[in-house]
Amino acid sequence: MVAENWPAAQEVRMDTDVLVIGAGPTGLMLANQLVRRGVRTLIIDRHIGPSIETRALGVQARTLEIYSQLGIVDRALELGKRGTGGNIWANGRRRARVGLSDAGQKVTPYPFLLILGQDDNERIMGDHLRALGSSVQWNTELISLTQQADSVNAVLRLPDGSRRNVLAPWVAGCDGARSGVREASAITFAGAAYEHVFFVADTEMTGSMVPDELNVYLFQDGFHLLFPMRGKDHWRIAGILPPALRDQPDLKFDAVIPSLHTEAGALSIRSCSWFSTYRIHHRRAVRFRDRRCFLLGDAAHIHSPVGAQGMNTGLQDAYNLAWKLAMVVKGQAEPALLDSYEQERIPVAEALLNGTDRAFRVVVSTTWLAGLFRTQILARVAAMVVNSNAVQKRAFRLISQTGIRYPKSFLSKSLDSLPESAPQSGDRFPWLRLKFAANGPIEDLFQKIGDTRFNLILIGQPPLAEDGIGLGDLLRTHVIPSDPVNDVELGRAQIPNPSFYLIRPDGYVGLCGRRFSADYARAYASQSLHLSATMRASRAAPS
Ligand SMILES: Cc1cc2nc3c(=O)[nH]c(=O)nc-3n(C[C@H](O)[C@H](O)[C@H](O)COP(=O)(O)OP(=O)(O)OC[C@H]3O[C@@H](n4cnc5c(N)ncnc54)[C@H](O)[C@@H]3O)c2cc1C
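What comes next concerns the included structure.

Reading guide: rules and limits
- Residues numbered from 1 in each chain as written.
- Predicted model: local features only at pLDDT ≥ 70, side-chain atom pairs only at ≥ 80, totals over all residues.
- Heavy atoms only, no water.
- Helix = DSSP H or I, 4+ residues; strand = E, 2+ residues; numbered from the N terminus.
- Buried < 20%, exposed > 50% of the residue type's maximum accessible area, 1.4 Å probe, protein only.
- Contact = heavy atoms within 4.5 Å.
- Areas by Shrake-Rupley, 256 points an atom, 1.4 Å probe, with all protein chains shown as cover.
- Pairing = 2+ DSSP bridges.
- Near = heavy atom within 4 Å.
- Polar contact = N/O pair within 3.5 Å; in protein donor to acceptor, adjacent residues only side chain to side chain.
- Nonpolar A, V, L, I, M, F, W, Y, C, P; charged D, E, K, R; others polar.
- Axes fitted to C-alpha atoms, helices over the stretch in contact; angles between N-to-C directions.
- Parallel < 35°, antiparallel > 145°, perpendicular 65-115°, else oblique.
- Left-handed = near helix turned anticlockwise from the far one by under 90°.
- Right-handed = clockwise from strand over helix to strand, strands pointing away.
- Salt bridge = Lys/Arg side-chain N within 4 Å of Asp/Glu carboxyl O.
- Phe/Tyr/Trp six-rings, centres within 6.5 Å; stacked < 30°, edge-to-face > 60°.
- Lys NZ or Arg CZ within 6 Å of the ring centre and 35° of its normal.

1. Quick look at the overall build of the chain
So, step 1. Regarding its fold elements, the chain presents 15 helices and 27 strands.
So, step 2. In the chain, buried positions account for 55% of the 543 residues.
So, step 3. Long-range contacts, defined here as pairs at least 24 residues apart, represent 72% of the contacts in the chain between residues at least 6 apart.
So, step 4. As displayed, the chain has an accessible area near 23,000 Å², and 52% of this comes from carbon and sulfur atoms.

2. What about the sheet that holds strand 8 (residues 113-115)?
So, step 1. Taken together, the three strands give an open sheet; going across it, the order is 4-8-5, and neighbouring strands pair in antiparallel fashion. A single partner strand is all that each edge strand has here, and the edge strands are strand 4 (58-59) and strand 5 (81-83).

3. Notes on the site of the ligand
So, step 1. Inspection of the region around the ligand gives 27 residues, with T26, D45, Q118, L142 and D298 positioned closest.
So, step 2. One of the side-chain nitrogen or oxygen atoms of D298 is found 2.9 Å away from an oxygen atom of the ligand.
So, step 3. In the model, an oxygen atom of the ligand is placed 3.1 Å from a nitrogen or oxygen of the G310 main chain.
So, step 4. A total of 990 Å² of accessible area belongs to the ligand in isolation, and the protein chains cover 89% of it.
So, step 5. At three residues, the largest contribution of residues to the shell around the ligand is made by strand 17 (residues 268-285).
So, step 6. Its residues assigned to classes, the shell around the ligand comprises nine nonpolar, 11 polar and seven charged.

4. Observations concerning the sheet that holds strand 17
So, step 1. In space, the eight strands of this open sheet follow the order 7-6-14-15-16-13-17-20, with mixed pairing throughout. Of all the strands in the sheet, just strand 7 (93-99) and strand 20 (301-302) have a single pairing partner and so form its edges.
So, step 2. Where strand 17 lies against strand 20, two bridges are found, and the strand directions are antiparallel. Bridge pairing in strand 20 links R283 to I302.

5. Quick word on the packing of helix 2 (residues 61-70) against helix 8 (residues 310-329)
So, step 1. Running from N to C, helix 2 and helix 8 cross one another at 45°; their axes reach a closest spacing of 10 Å. Taken as axis vectors, helix 2 and helix 8 run oblique relative to one another. Classified by chirality, the crossing of helix 8 by helix 2 is left-handed. Two secondary-structure elements touch here, helix 2 through R62, T63, I66, Y67 and Q69 and helix 8 through N312, L315, Q316 and Y319.
So, step 2. Of the residues contributing to the contact of helix 2 with helix 8, the split by class is four nonpolar, four polar and one charged.

6. Some remarks on the side chain of E213
So, step 1. Inspection of the secondary structure puts E213 in the loop between strand 13 (189-206) and strand 14 (214-219).
So, step 2. Residue E213 is classed as buried on the basis of its relative accessible area of 8%.
So, step 3. Apart from the residues within four sequence positions on either side, E213 is in contact with T84, G85, G86, N87, R97, L226, P228 and W235.

7. Things to note about the pairing of strand 24 (residues 454-459)
So, step 1. Burial analysis of strand 24 places six of its six residues in the buried class, the great majority of the element.
So, step 2. Sheet analysis places strand 24 next to strand 26 (residues 499-503), joined by five bridges and oriented antiparallel. Bridged to N455 within strand 26 is I503.

8. Regarding the pairing of strand 2 (residues 18-21)
So, step 1. The two faces of strand 2 match: V18 and V20 on one face and L19 and I21 on the other face are all buried.
So, step 2. Two strands pair when backbone bridges link them, and strand 2 and strand 3 (residues 41-44) are joined in this way by four bridges, in the parallel orientation. When the sheet's bridge partners are listed, V18 is paired in strand 3 with T41.
So, step 3. The β-α-β motif built from strand 2, the intervening helix 1 (residues 25-36) and the parallel element strand 3 has right-handed crossover chirality.
So, step 4. Relative to strand 12 (residues 170-173), strand 2 runs parallel, the two sharing four bridges.

9. Let's talk about the pattern of salt bridges
So, step 1. Applying the stated criterion across every chain yields a total of 30 salt bridges.
So, step 2. A salt bridge links R46 to E141, with the nearest nitrogen and oxygen atoms 3.3 Å apart. Here R46, found in the loop between strand 3 and strand 4, pairs with E141, found in strand 9 (residues 141-147); they are 95 residues apart in sequence, far enough to count as distant.
So, step 3. In this structure, a network of salt bridges that share partners links the residues E204, K232, D233 and R270.

10. Here's the deal with the side chain of R345
So, step 1. Within the secondary structure, R345 is located in helix 9 (residues 339-364).
So, step 2. Overall, R345 belongs to the buried group, its relative accessible area being 0%.
So, step 3. From its side chain, R345 meets the backbone oxygen of T313 in a polar contact 3.3 Å long.
So, step 4. Within the local environment of R345, its side chain forms a polar contact with the side chain of D317, the two groups lying 2.7 Å apart.

11. Here we look at the environment of A395
So, step 1. Positionally, A395 belongs in helix 11 (residues 389-400).
So, step 2. A residue is classified by how much of its surface remains accessible, and A395, at 30% relative accessible area, is partly exposed.
So, step 3. As for A395 and G104, which are separated by 291 residues in sequence, their C-alpha atoms are 9.6 Å apart.

12. Here we look at the packing of aromatic side chains
So, step 1. Within this structure, the stated rule accounts for 13 aromatic pairs.
So, step 2. Pairing F294 with Y341 gives two aromatic rings, centres 5.9 Å apart and planes at 75°, and the pair type is edge-to-face. On the criterion of sequence distance, the pair formed by F294 in strand 19 (residues 293-295) and Y341 in helix 9 is long-range, its members being 47 residues apart.
So, step 3. With a centroid separation of 4.7 Å and an interplanar angle of 45°, the aromatic rings of Y406 and Y508 are classed as tilted. Of the two residues, Y406 is situated in the loop between helix 11 and strand 21 (413-414) and Y508 in the loop between strand 26 and strand 27 (509-513); the sequence distance between them amounts to 102 residues.
So, step 4. Of the residues examined, Y508 reaches a relative accessible area of 2% and is grouped as buried.
So, step 5. The structure contains a cluster of three or more aromatic residues connected by ring pairs, namely W170, F288, F294 and Y341.
So, step 6. For the cation-ring pair, R292 lies above W170, with the distance from its terminal atom to the ring centre recorded as 4.5 Å.
So, step 7. Across from the ring centre of F436, 5.2 Å away, lies the NZ or CZ of K448, which sits over that ring.

So, in structure tokens, the structure goes:
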């Protein structure tokens, strides 16, 4: 990307609050979240239309929870295939089966990995964006950008080849691993490339695989992952290219078939609809924000596909930023709230890079010892995991991304200490089914609270006399009545009585403690949420 020296373009002030560069999964999620929160959003992509490559395949439980809030989960579930477990094979024998649904049963309404291609995810989000009255401007490329005190000046190439200046207060770089927004912001993408070349192939075939489940084949020199896809006998194969094939130009799927037969047993391959190879990097942008420009998704972090985390992490970057940006754009919060975006998401990316790097090195190392570890020890460890509920639950929380926490964020505060086993500030508030009225029905908490407001959950204490926080319409309060059903649910989640939880729009606990204090909550809203002067004035005004 060139940052300067373009011929003077005709300056047109676009009526947009946020310019989103890139309509991959991350950009589409951000645009959806902003538009439904009433933020004027312009989303562009240099491609001529939606991608038809499957690429990422695994949709994690936390993403499905977000899809549910967005109103697209039913469509995703209808199109996808539920992966309820994984099987580990070593030297041709099935060594272990790890069930996903048992471990996640009480954690989330979606205790499985949904196998749904990235192209389908993008299509569903694109359709929903259109239903919200907005759409992607395809064939439109960001050429350069410069930041000013109160806006960003972006030069775009339009479909007819002409250039246009767009002034936007905020720019979101969802423009992938080679992000021009990152380059123009002079943010280093620290990390390196692995020597290995990965391949992916979408095939129709039969073999020893357990249907509808992930099958992992470990062997002396590496691994193959086989994901079930929509349709009978449709499988995604992912693995490392044999070194001899690495530098071959125009490599075709046929070239990897012999190694597949050797390592994954007798396969009967009928066809291959997509084959691609790519070199994997592990890199992270050193900052996720430069003044008015943000980096999200692959623009901010890339890593090995082990664990099916890439697309999901980008979607959650977008979910984290959207409500904050909406509050700032609408004048409800000061821009200082936006500092929490990178404060929260950099540690997530860092942990992801470290975790996937360690796992990747174990599964790709070609030393004799690593081969022995993979085929003898790893498979046995996996078999032991099957028998440990606690390990399974930890693994589910990690992989499903329901365990992501922001304990060190300046938005995470506790009034007084809750027992260690209770949900803490910065945690995703647990999924519960509660009675919200003494004689009312049992309701799904996530559905009840939605994701466009803050929610204050009061347990074992009376309702607030008035708007005790100053969030006005942005706050809903729920007093959880004493009831045997509620006692069991709260007990299961180790939520003490009395206690209170202020849940952020994205479902994480902002403030919590034993007894709610309006003074403390007001200070939290001013100092941590950085409520704007307008919001503070409106709460001070007599009602
Ligand atoms: C072959 C392959 C297989 C993969 N398999 C997996 C997998 O199995 N599991 C997994 O988790 N991940 C996988 N990934 C990674 C996954 O696809 C990414 O993590 C995901 O696409 C990131 O989404 P994103 O929206 O952040 O970026 P992208 O999907 O890269 O989207 C960026 C968008 O920005 C647009 N853009 C870029 N520059 C500009 C510009 N200057 N102006 C306008 N538009 C611009 C691009 O056209 C693109 O549409 C795979 C990737 C590849 C390449």
